[in-house]
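Structural overview for review
Each chain, written out:
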Amino acid sequence: MRGLIELWGVFVSTIAGMIRGGRPKGEIVRQMHAIGNKSMLFIAVTLGFIGMVMIYQACMQFNRVTGDLSQVGVQFIRLVTSDFAPTLTGMMLATRVGAGIAAEIGSMKVTEQVDALRMSGVLPVDYLIVPRFIASVVMTVVLTTLGGAIMYVAGGLTAHYQFGVNLKIFFDLSLLNPAHLSLGLVKAVTYGAAIPVVSGFCGLRAKGSSEGVGWATTAAVIGSSLAVLLLDFILSVAGFFVLGEALR
Amino acid sequence: MSDAPPPAARPVIEFRGVAKAFGDKQVLRDLSLDVRKGEVLFIIGTSGVGKSVTIKHLIGLLGVDAGEIWFDGKRVDTLREPELAPIRKRIGMVFQNSTLFDSMTLAENVALPLRKHQGMRQKKALVEARRRLDQVYMSEFADRYPAELSDGMRKRAAIARTLTLQPEVVLFDEPTTGLDPVNARRIDRLIRELSGGQGVTSVVVSHDLTSIFSIADRIAFIYQGAVRALGSRDEIRASDDPVVQQFIQGQSSGPMETPGF
Ligand SMILES: Nc1ncnc2c1ncn2[C@@H]1O[C@H](COP(=O)(O)OP(=O)(O)OP(=O)(O)O)[C@@H](O)[C@H]1O
Ligand SMILES: [Mg+2]
């Protein structure tokens, strides 16, 4: 419980730090590059394959029941934008980016670099978490868009080549409405914000030596993944209440 | 303890009955210690006894569980993070691990406190940083990253970074550990010069018996969360406390209880 309050404190001071400014120059770009580089290929491949598998399964089932595959693409893009793309991307970033952030900040903590920052008159959150926070929010949205697009295309090609679904019919976007897009965007932004805050918090709590860093890294991966799942649930329910009919 | 001595005789730093635990591990129990202006005070004790913890309290990097800490007539243990900034300008710390920031060059490392504490512009701070590095004979490495340097060089750069703000008190956490004897004695001389020439007060945590017995004005021996012995070099050397004797003679067996062994 105290941990949750402290976690909230880190979030609040991250937001305050964003407004305050005073972070090192070029650090955001460096972090965006680190996050993007580390995860782009990984996310593209994973989401592409999951898209293929999902469409394959869906078409098999539809074939057995009705044989009408015309709705598969239309339903698929709605699910991809409102949930699959952001949540799968979020889960993957939680492990890769979360572990990286916790390990980096954790080792700075145990080697007293965080203390040295405080002595130099710097708030560690400003220097260490704020740049990663901004970079992570931006890159999560970017990677979600990319991953979603790849997932959609991979699914469409599977439907076309394996099940003979007309590409025009599959890639029909007419039933996709702003509600799906905005729910997906809100999710991506929220995960992008949660991962660095949770992982940075775990890193700052690392103590002892390299063992403490390992512990912080594990905690960060578990914590960020759980945060993504929990936020997915909360946002999906909230989205249902707020957007209601538009999501149908 | 409550009736304070007249201001003139008042020590710069006072620890009064400080206690600190991490979880269920009681590190400091009842630690009281005065540091006089301009002296070189050594804090000695076995590994893990809480020497680093003790000095970190003084600059608010750790908070006390009980007790009070005073610096120059002001209580510091109750200050909040933003209020500590002026204290951290006046008290510098050289950390045990050198702790230069990996992502910055030496010059940028040294420039950081100038920018943050004195609001100096980056360009001017970098020029100033080079001047400070020159003082510790490190100016040719100004554009290198810490990972490219040896331990001794990092330590010197870290000292330069700490001295940039011209602090009144410098806390050295094991400044000579891991250095070769030549570099270790150079650091000793630097500490001595600081307190002689510029009236800087130094608090030095160390296991290095050579530096302890060559440059200390007074020595505080910490044992089981409190100051067990305090005195000049000669007084400590002549101490009849068997625990102190075991430590300064470096005997592996004796009355001293060392947690973890
Ligand atoms: N932030 C912290 N969280 C939890 N425990 C800590 C923390 N800092 C120090 N400790 C514990 O407090 C004890 C004293 O640590 P400290 O670093 O002060 O020892 P030390 O006397 O400086 O030893 P050394 O000579 O090895 O540096 C150790 O057992 C350490 O594990
Ligand atoms: Mg120590």
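Relevant structure appears above.
Computed from a predicted structure; not experimentally measured.

Quick word on the interface of chain B and chain A
Counting residues at the interface gives 25 residues for chain B, matched by 17 residues for chain A. Regarding the contact of chain B and chain A, the summed buried area is about 1,700 Å², with carbon and sulfur atoms giving 55% of it. Three residues stand out in chain B for area buried against chain A, namely Leu61, Phe101 and Lys116 of chain B, and they jointly supply 30% of the buried area on that side. At the junction of chain B and chain A, the tally comes to 3 salt bridges. Across the salt bridge formed by Asp115 of chain A and Lys56 of chain B, the nearest N and O atoms sit 3.3 Å from each other.

Remarks on the coordination of the magnesium ion (ligand 2)
Residues and elements named next belong to chain B. The coordination sphere of the magnesium ion (ligand 2) contains the protein donors Ser52 (OG) and Gln96 (OE1), at a distance range of 1.9 to 2.3 Å. A residue pair is termed long-range when its members are at least 10 positions apart, and Ser52 in helix 1 (residues 51-58) and Gln96 in the loop between strand 6 (91-94) and helix 3 (106-118) qualify at 44 residues. Residue classification places Ser52 among the buried residues on the basis of a relative accessible area of 18%. Gln96 sits in the partly exposed class, given a relative accessible area of 30%.

With respect to the sheet that holds strand 1 (residues 13-22) of chain B
Backbone-to-backbone hydrogen bonds join strands into a sheet, with any given pair of strands oriented parallel or antiparallel. Residue and element names in this part refer to chain B. Spatially, the 4 strands line up as an open sheet ordered 2-1-4-5, and their pairing is antiparallel. Every other strand in the sheet has two partners, leaving strand 2 (25-35) and strand 5 (74-75) as the edge strands with one partner each. Packed onto the sheet, helix 1 meets strand 1, strand 2 and strand 4 (66-71) and runs at close to 120 degrees relative to strand 1.

Description of the site of ligand 1
Around ligand 1 sit 15 residues, and of these Lys25, Ser47, Gly48, Lys51 and Ser52 of chain B come closest. Residues close to ligand 1 are split across chains A and B. In this structure, Glu174 of chain B approaches ligand 1 through a side-chain N or O atom, which is 2.8 Å from an oxygen atom. Interatomic distance of 3.0 Å between a side-chain N/O atom of His207 of chain B and an oxygen atom of ligand 1.

With respect to helix 5 (residues 124-163) of chain A
All names here are of chain A. In a regular helix each residue adds 1.5 Å, so 40 residues correspond to 58 Å; helix 5 covers 55 Å between its end C-alpha atoms and thus fits that length. At Val130, helix 5 shows its maximal kink, close to 30 degrees; a proline, Pro131, follows between one and four residues later. Of all 40 residues making up helix 5, 28 are buried, and the element is well covered by its neighbours. Immediately downstream of helix 5, the backbone of Gly164 shows phi near 65 degrees, a positive value.

Examining the pattern of salt bridges
A complete count under the given rule lists 29 salt bridges over all chains for this structure. Taking the shortest distance from any N to any O, the salt bridge between Glu14 of chain B and Arg16 of chain B comes out at 3.1 Å. One salt bridge in this structure joins Arg185 of chain B and Asp188 of chain B, with 2.8 Å as the shortest N-O distance. Here Asp188 of chain B and Arg185 of chain B lie together in helix 6 (residues 181-197), a separation of 3 residues that amounts to about one turn. Relative accessible area serves as the criterion here: at 31%, Arg185 of chain B is assigned to the partly exposed category. A residue is classified by how much of its surface remains accessible, and Asp188 of chain B, at 4% relative accessible area, is buried. One connected set of salt bridges, linked through shared partners, spans Glu112, Asp115 and Arg118 of chain A together with Lys56, Glu81 and Arg88 of chain B.

Topic: the pairing of strand 1 of chain B
Residue and element names in this part refer to chain B. Among the 10 residues in strand 1, 7 count as buried, and that is most of the element. Pairing analysis gives 7 bridges linking strand 1 to strand 2, with the strands arranged antiparallel. Of the residues in strand 2, the one forming a bridge with Phe15 is Leu33. Linkage of strand 1 to strand 2, two consecutive antiparallel strands, is achieved through a turn of 2 residues, within which Gly23 is found at a positive phi near 60 degrees.

Description of the pairing of strand 10 (residues 226-231) of chain B
Residue and element names in this part refer to chain B. The sheet contact formed by strand 9 (residues 218-223) and strand 10 spans 5 bridges and is antiparallel. From the neighbouring strand, Ile222 faces strand 10, where its bridge partner is Val227. In sequence, strand 9 turns back onto strand 10 through a hairpin of 2 residues, with Gln224 there showing a positive phi of about 50 degrees.

A look at the environment of Tyr56 of chain A
Residues and elements named next belong to chain A. Mapping Tyr56 onto the fold places it in helix 2 (residues 27-65). Judged by relative accessible area, which is 34%, Tyr56 ranks as partly exposed. Sequence spacing of Tyr56 and Phe170 is 114 residues, and the spatial spacing of their C-alpha atoms is 13 Å. Residues within four places of Tyr56 in sequence aside, it is in contact with Thr158, Gln162 and Phe163.

Concerning the sheet that holds strand 6 of chain B
Residue and element names in this part refer to chain B. The 6 strands are arranged 6-7-8-3-9-10 in an open sheet whose pairing can be described as mixed. Looking at the sheet topology across the chains shown, the edges are occupied by strand 6 and strand 10. Averaged over all pairs of adjacent strands, the angle between their axes in this sheet comes to 20 degrees, without regard to strand direction. In this structure, strand 7 (residues 169-173) lies alongside strand 8 (residues 201-205), joined through 5 bridges in parallel fashion. Residue Leu171 lies in a different strand from strand 8, and its bridge partner there is Val203. On the sheet, helix 2 (residues 81-90) packs against strand 6 and strand 7 and is oriented at approximately 70 degrees with respect to strand 6.

Rules behind the numbers
Residue indices follow the written sequence of each chain, beginning from 1 at its first position. Starting at A for chains and at 1 for ligands, labels are handed out in the order in which the entities are written. Local features in this predicted model are restricted to residues whose pLDDT is 70 or higher, and side-chain atom pairs enter the listing and the counts only when it is 80 or higher, whereas totals over whole chains, interfaces and linings include all residues. Only hydrogens and water are set aside when side-chain values are computed; all heavy atoms of the structure are taken into account. By definition in these notes, contact holds between two residues if any of their heavy atoms fall within 4.5 Å. In this description, buried area is defined as the sum, over both parts, of the accessible area (probe of 1.4 Å) that is lost when the two are combined. Salt bridges are defined by distance alone: a side-chain nitrogen of Lys or Arg within 4 Å of a carboxyl oxygen of Asp or Glu. Note that water is not among the atoms used; donors are N, O and S atoms within 2.8 Å of the metal (3.2 Å for Na, K and Ca), so sites may look incomplete. In this description a helix means any DSSP run of H or I spanning at least four residues, a strand means any run of E spanning at least two, and both kinds are numbered starting from the N terminus. Relative accessibility decides the category of a residue: with a 1.4 Å probe and only protein chains considered, values under 20% of the type maximum give buried, values over 50% give exposed, and everything between is partly exposed. Two strands make a pair as long as DSSP finds a minimum of two bridges between them. Every axis corresponds to a line fitted to the C-alpha atoms, with the helix fit spanning only the stretch in contact, and the corresponding angles, defined between N-to-C directions, vary from 0 to 180 degrees. Being near a molecule or strand, for a residue, comes down to having at least one heavy atom within 4 Å of it. Pairing of N or O atoms within 3.5 Å defines a polar contact, subject to two protein rules: one partner must be a possible hydrogen donor and the other a possible acceptor, and residues neighboring in sequence count only if both atoms are side-chain atoms. Under the convention used throughout, the expected extent of a helix is 1.5 Å for every residue step, that is, one less than its residue count. A residue's bend is simply the angle between two axes: one fitted to the seven residues ending at it, one to the seven starting at it.

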